[in-house]
Amino acid sequence: MNIEGINLTPGMITEIKSWQQDPEALRSTLDVLDKSISVIATGSIGCDDNQAREALSIIADLCIIKSKIALFEGIKY
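Let me begin by describing the structure that accompanies this report. Source: prediction; values computed, not measured. (Residues numbered from 1 in each chain as written. Predicted model: local features only at pLDDT ≥ 70, side-chain atom pairs only at ≥ 80, totals over all residues. Heavy atoms only, no water.)

**A short note on the overall build of the protein**
Right, so step 1: Counting its regular elements, the protein contains 3 helices and 2 strands.
Right, so step 2: Counting from the amino terminus, the protein carries its helices and strands in the arrangement β-β-α-α-α.
Right, so step 3: The globule rule puts the C-alpha radius of gyration for 77 residues at 11 Å, and the 16 Å found for the protein is more than 25% above it.
Right, so step 4: With the C-alpha coordinates of the protein rotated into their principal frame, the extents come out at 45 × 25 × 20 Å. (Helix = DSSP H or I, 4+ residues; strand = E, 2+ residues; numbered from the N terminus. Rg over C-alpha atoms; globule rule 2.2 N^0.38 Å.)

**Here's the deal with the packing of aromatic side chains**
Right, so step 1: All told, the structure shown has 1 aromatic pair when counted by the stated rule.
Right, so step 2: Centre to centre, the rings of Trp19 and Phe72 are 5.1 Å apart; their planes meet at 55°, and the pair counts as tilted. Of this pair, Trp19 sits in helix α1 (residues 10–21) while Phe72 sits in the segment after α3 (49–70), and the two are 53 residues apart along the sequence. (Phe/Tyr/Trp six-rings, centres within 6.5 Å; stacked < 30°, edge-to-face > 60°.)

**So, the side chain of Ser44**
Right, so step 1: Mapped onto the elements, Ser44 comes out in the loop between α2 (23–43) and α3.
Right, so step 2: For Ser44, a relative accessible area of 18% gives the class buried.
Right, so step 3: Side-chain polar atoms of Ser44 contact the backbone oxygen of Ile40, separated by 3.0 Å.
Right, so step 4: Of the polar contacts made by the side chain of Ser44, one reaches the backbone oxygen of Ala41; its length is 3.1 Å. (Buried < 20%, exposed > 50% of the residue type's maximum accessible area, 1.4 Å probe, protein only. Polar contact = N/O pair within 3.5 Å; in protein donor to acceptor, adjacent residues only side chain to side chain.)

**A short note on the nonpolar core**
Right, so step 1: Among the nonpolar cores identified, the biggest contains 9 residues, and these are Trp19, Leu26, Leu30, Leu33, Ile37, Ile59, Leu62, Ile69 and Ala70.
Right, so step 2: At the level of elements, α2 and α3 are the ones that each hand at least two residues to this core.
Right, so step 3: Sequence-distant contacts of Leu26, that is, excluding residues within four places in its chain, are made with Trp19, Ile69, Phe72 and Glu73. (Core = buried A, V, L, I, M, F, W, Y, C linked by side-chain atoms within 4.5 Å. Contact = heavy atoms within 4.5 Å.)

**Some points on the environment of Val32**
Right, so step 1: Position of Val32 relative to the elements: it lies in helix α2.
Right, so step 2: Val32 gets classed as partly exposed once you look at its relative accessible area, which sits at 47%.
Right, so step 3: Considered as a pair, Val32 and Lys66 are 34 residues apart in the sequence and their alpha carbons are 9.6 Å apart.

**Brief notes about the pattern of salt bridges**
Side chains that differ in charge, positive against negative, can pair when their charged atoms come close.
Right, so step 1: Tallying each qualifying case throughout the model produces 2 salt bridges.
Right, so step 2: A salt bridge links Asp34 to Lys66; the shortest N-O distance between them is 2.4 Å. On the criterion of sequence distance, the pair formed by Asp34 in helix α2 and Lys66 in helix α3 is long-range, its members being 32 residues apart.
Right, so step 3: On the accessibility criterion, Asp34 (30% relative accessible area) is partly exposed. (Salt bridge = Lys/Arg side-chain N within 4 Å of Asp/Glu carboxyl O.)

Below, the structure is given as structure tokens:
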């Protein structure tokens, strides 16, 4: 489906619908991202510099994803 030049896949539409029908589904998705960030951060304590850089890069990417998903509920991080 194309809306104003944005191509929405069936999977994207299904996920958006689930977030709208069950507000806790979106919160759950954000909680999973928080837990993932925490696991990566705590698991990289004491690692070498290359692993620390990679962990920080992954954490930054997950934070960006989280902030984009949170916009579906009007939350800004």
